[in-house]
Amino acid sequence: MKILAFAGSNSKNSINKQLLNYTLGQLENTEIDLVDINDFEMPIYSIDRQLESGFPQLAEDFYKKIKEADGLVISLAEHNGNFTVALKNILDWVSRIEMPYLKDKKILLLSTSPGSYGGGNVMEVGLKYFGMFASGEIVASATFPFFNDNFQNNEIVNDELKNTILEKITTFKNSLSEIEA
Ligand SMILES: Cc1cc2nc3c(=O)[nH]c(=O)nc-3n(C[C@H](O)[C@H](O)[C@H](O)COP(=O)(O)O)c2cc1C
């Protein structure tokens, strides 16, 4: 089983990267391709650029990583209720190579923010985008509120939240086992 994992953030100190790393730590026997979206920074998508110059190599590379994966773990940062520009730009380039591009891909979708809604707005966007537009199979999703209170020293310190996240990870793992069977 091969997993592509990324946080939807280009911040060095990203809390979504921290939540993602914790989650990946719970996935045994899985080949993980952990990507930093900073490594996929491209010119802002425009139809004119695409028609004039084609696709940036980085868009092709990201698309290939998706195609090689059985599943994806994504943790979304929320900027003004939406994806970060850094993530959206990559997704727009990839979507012009093929849309929908996530058919048959199992997805564990997470989001966290420092506030009470846990990135709930971007989760709503993400469920619709990754599930409906890109046609992925979102097998589990969870928002993680008050990150800085609930996550300390690489551990989830709120038992209820920890159980929820571990449950979602188990659901995701089970869905991958179904592919193997
Ligand atoms: C431009 C910008 C917009 C933001 N908008 C929201 C928002 O709409 N809702 C929210 O809960 N947090 C918002 N935040 C706070 C982010 O949730 C916070 O910066 C978080 O750490 C981002 O995730 P990251 O650390 O993984 O990058 C915003 C932050 C920035 C820089």
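Read on for an overview of the structure. (Residues numbered from 1 in each chain as written. Predicted model: local features only at pLDDT ≥ 70, side-chain atom pairs only at ≥ 80, totals over all residues.)

### What about the environment of I44?
Mapped onto the elements, I44 comes out in the loop between β2 (31–35) and α2 (47–53). Judged by C-beta crowding, with 10 C-beta atoms within 10 Å, I44 ranks as exposed. Linking I44 and K88, residues 44 residues apart in sequence, is a C-alpha distance of 9.5 Å. (Helix = DSSP H or I, 4+ residues; strand = E, 2+ residues; numbered from the N terminus. Buried ≥ 20, exposed ≤ 12 C-beta atoms within 10 Å, placed from the backbone.)

### What about the site of the ligand?
Around the ligand, a shell composed of 17 residues is seen, among which S9, S14, N16, A77 and S113 lie nearest. Of the residues in the shell around the ligand, the class split is five nonpolar, eleven polar and one charged. (Near = placed C-beta within 6 Å. Nonpolar A, V, L, I, M, F, W, Y, C, P; charged D, E, K, R; others polar.)

### Observations concerning the environment of L91
With respect to the secondary-structure elements, L91 resides in helix α4 (residues 85–97). A tally of 20 C-beta atoms within 10 Å means that L91 is categorised as buried. Separated by 39 residues in the primary sequence, L91 and F130 have C-alpha atoms spaced 10.0 Å apart.

### Side note on the nonpolar core
Counting residues in each nonpolar core, the largest one holds 42 residues, and the members touching the most others are A5, L72, V73, I74, I90, L108 and L110. If we skip the residues at most four places from it in the chain, L72 touches I3, L4, A5, K105 and I107. (Core = buried A, V, L, I, M, F, W, Y, C linked by C-beta atoms within 7 Å. Contact = placed C-beta atoms within 7 Å.)

### A look at the sheet that holds strand β3 (residues 71–76)
Sheet architecture is open: five strands sit in the order β2-β1-β3-β4-β5, paired in parallel fashion. Each edge of the open sheet carries a strand with a single partner, namely β2 and β5 (137–144). Sheet twist, expressed as the mean angle between neighbouring strand axes with direction ignored, is 15°. One ladder, built from six bridges, connects β3 with strand β4 (residues 106–112); its direction is parallel. Each residue of the ladder has a partner; that of V73, found in β4, is L108. (Pairing = 2+ DSSP bridges. Axes fitted to C-alpha atoms, helices over the stretch in contact; angles between N-to-C directions.)

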